[in-house]
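Secondary and tertiary structure notes
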There are 2 protein chains.
Amino acid sequence: MSEGKTPDAGRRSERSHQAILKAVVELVGEMGYARLTIEAIAARAGVGKQTIYRWWPNKGSLVLDAFAALMGDTAPLPDTGDVVADMKLVLRATAAELCSPRFEVPSRALTAESQLDPALAKQFVDTLLRPSLEVTKERLRVAQRAGQVAAGVDLDVAVELLVGPLFHRWLLRTAPLTPEYADTVAEYALAALRPPGTSGSAG
Amino acid sequence: MSEGKTPDAGRRSERSHQAILKAVVELVGEMGYARLTIEAIAARAGVGKQTIYRWWPNKGSLVLDAFAALMGDTAPLPDTGDVVADMKLVLRATAAELCSPRFEVPSRALTAESQLDPALAKQFVDTLLRPSLEVTKERLRVAQRAGQVAAGVDLDVAVELLVGPLFHRWLLRTAPLTPEYADTVAEYALAALRPPGTSGSAG
């Protein structure tokens, strides 16, 4: 946006930019990643193909940007001092997002394509997934310093213990992702990570 | 096989049957589920299309049978009396299977297709996945009776705590599925499920 444009041109650019990102997410949900074309995106967004190529070198980079916009910023997680309560909030929000139509359909399409396209999968993980896992890991690191998580815990595994069950249930559609389910997973996972001799356990 | 065939015809049938199942798994890995055709399967297996249609009403039922054969029988899990040791064995075996080429490529293709085809996904889960989750749940139920898992634990969530992290790591390719990783997940998950007041914890 800092290419010496007039304010009006800047606003038009911004509107086109947003329209393109929105079109990408819609179309990935409707037709999947593989069949998505720059032509279809341009038509849906009401812009010329050259406008798209000016900002993105290829379809992959555009789709990643669109999903980054969909997922929003990775802000630090809540820290009330109670890691179990905080992780319940986080997992409830994750469950709600996974099940919201605007997120679910395009996310399943991208997950499907990632199975067939390891390069896309790697970009998706590095750009979108890993930052989100990192903020969870950072919250657990704070809990570890506060003595709520055992000193020797492998925090990468700890994160997977929290998000893995939700992801398994969502992706394989084995059962509903309810808020109560999110709470139970948070309770069990944090019980696993508790320092020896501290109270509480699942069940 | 009990249609009054001669022994020779029975053996030929069995060979054709196995050749078809093998061809299906290979071709799902090579071209994905969506582009798979009965013609391609027949050609690869060296049988006529009618032979296939005689045994399977459609592509979906054939692919499910082929994956059932690939995955083998769902035998009860080991029970040495030590649920942590037993689950380490099970998760190590699961990790090794997920990463073996004969299993990984077709499984990713089927997982991808399941995201786009909820009916196929449901059949896959009901026929193949749920029986495998059930034997894990049954092993945990035995541990619950033996006092190694807390009485109030939701065993469905417990199973997801064990398999969810491996599945998340495998599907998203975030890190290698090593035997040590499988051990750590088993230790953490079982620590979460332990009855109050019993010893041990992660880390």
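Residues numbered from 1 in each chain as written. Chains lettered and ligands numbered in written order. Predicted model: local features only at pLDDT ≥ 70, side-chain atom pairs only at ≥ 80, totals over all residues. Heavy atoms only, no water.

With that out of the way, let us pick up the overall build of chain A. Broken down by element type, chain A carries nine helices and zero strands. Each helix (α) and strand (β) of chain A, taken in turn from the N terminus, gives the series α-α-α-α-α-α-α-α-α. Looking at the 203 residues of chain A, the share that counts as buried comes to 49%. Intrachain contacts of chain A at a sequence separation of at least 6 include 62% that bridge at least 24 residues. Put simply, chain A shows about 9300 Å² of open surface, and 55% of that area lies on carbon and sulfur atoms. Distance between charge centres in chain A, computed from 23 positive and 24 negative side chains, equals 4 Å. (Helix = DSSP H or I, 4+ residues; strand = E, 2+ residues; numbered from the N terminus. Buried < 20%, exposed > 50% of the residue type's maximum accessible area, 1.4 Å probe, protein only. Contact = heavy atoms within 4.5 Å. Areas by Shrake-Rupley, 256 points an atom, 1.4 Å probe, with all protein chains shown as cover. Lys, Arg positive; Asp, Glu negative; His and termini not counted. Charge placed at Lys NZ, Arg CZ, Asp CG, Glu CD.)

What follows covers the relation of the copies chain A and chain B. When chain A is fitted to chain B, the residual RMSD is 0.0 Å, and the transformation amounts to a turn of 180° plus an axial shift of 0.0 Å. The relationship between the two copies is best expressed as a two-fold rotation axis. Most of the interface of chain A is mirrored in chain B: 100% of its interface residues are interface residues there too. (Least-squares fit on C-alpha atoms with pLDDT ≥ 70 in both.)

Moving on: the nonpolar core. If you look at the biggest cluster of nonpolar residues, it comprises 131 residues, and the most contacted ones within it are A:Ile41, B:Ile20 and B:Ile41. With sequence-adjacent residues up to four places away left out, A:Ile41 is seen in contact with A:Ile20, A:Ala23, A:Val24, A:Leu27, A:Leu36, A:Ile52 and A:Leu62. (Core = buried A, V, L, I, M, F, W, Y, C linked by side-chain atoms within 4.5 Å.)

Right, let's get into the interface of chain A and chain B. Across the boundary between the two partners, chain A contributes 44 residues, which contact 44 residues of chain B. Carbon and sulfur atoms supply 67% of the area buried between chain A and chain B, which totals about 3700 Å² over both sides. Applying the counting criterion to the chain A and chain B interface returns two salt bridges. Salt-bridge contacts for B:Arg169 lead to A:Glu160; the nearest nitrogen and oxygen are separated by 2.9 Å. (Buried area = accessible area lost by both parts, 1.4 Å probe. Salt bridge = Lys/Arg side-chain N within 4 Å of Asp/Glu carboxyl O.)

Right, let's talk about unusual backbone geometry for a bit. Here the phi dihedral of A:Arg173 falls at roughly 55°; this positive angle occurs in a residue that is not glycine. When you line up the elements, A:Arg173 lands in the loop between α8 (155-172) and α9 (179-193).

So, on to the packing of helix α5 (residues 83-99) of chain A against helix α7 (residues 118-145) of chain A. Residue and element names in this part refer to chain A. It is the contact of α5 with α7, at a shortest axis distance of 11 Å, that shows an interaxial angle of 170°. In terms of their interaxial angle, α5 and α7 are classed as roughly antiparallel. Counting all contacts with α5, which are made through Val-83, Asp-86 and Met-87, the residues of α7 involved are Thr-136, Arg-139, Leu-140 and Ala-143. In the contact of α5 with α7, the residues fall into four nonpolar, one polar and two charged. (Axes fitted to C-alpha atoms, helices over the stretch in contact; angles between N-to-C directions. Parallel < 35°, antiparallel > 145°, perpendicular 65-115°, else oblique. Nonpolar A, V, L, I, M, F, W, Y, C, P; charged D, E, K, R; others polar.)

Residue and element names in this part refer to chain B. When the terminal C-alpha atoms of helix α8 (residues 155-172) are compared, their 25 Å separation across 18 residues agrees well with the 26 Å that a helix rising 1.5 Å per residue should span. Summarising burial for α8: 17 of the 18 residues are buried, a large majority. Capping of α8 at its N-terminal end is provided by Asp-154; its side-chain oxygen lies 2.9 Å from the backbone amide nitrogen of Asp-156. Within two residues after α8, Arg-173 carries a phi angle of roughly 50°, on the positive side. (Expected span 1.5 Å × (residues − 1). Polar contact = N/O pair within 3.5 Å; in protein donor to acceptor, adjacent residues only side chain to side chain.)

In total, this model carries 32 salt bridges over all chains according to the counting rule given. Linking B:Lys137 and B:Glu134 is a salt bridge whose minimum nitrogen-to-oxygen distance equals 4.0 Å. One end of the pair is B:Lys137 and the other is B:Glu134, both in helix α7 (residues 118-145) and three residues apart, which spans about a single turn. Assessed through its relative accessible area of 14%, B:Lys137 is described here as buried. For B:Glu134, a relative accessible area of 37% corresponds to the partly exposed category. What you see here is one network of salt bridges that share partners, running through A:Lys22, A:Glu26, A:Glu30 and A:Arg44.

Residues and elements named next belong to chain A. Under the domain assignment, chain A is made up of domain 1 (7-69) and domain 2 (73-193). Here domain 1 and domain 2 have C-alpha centroids that lie 28 Å from each other. Facing the ten residues of domain 1 at the interface are 13 residues of domain 2. Taking both sides of the interface into account, the surface hidden between domain 1 and domain 2 amounts to around 950 Å²; carbon and sulfur atoms contribute 81%. Joining domain 1 to domain 2, the criterion identifies zero salt bridges. Of all the secondary-structure elements, those providing two or more residues to the side of domain 1 that touches domain 2 are α1 (7-31) and α4 (59-71). Element by element, the count of residues in the side of domain 1 that touches domain 2 is highest for α4, at four residues. Each residue belonging to the side of domain 1 that touches domain 2 can be placed in one class, and the counts come to eight nonpolar, two polar and no charged. (Domains from an automatic or database assignment.)

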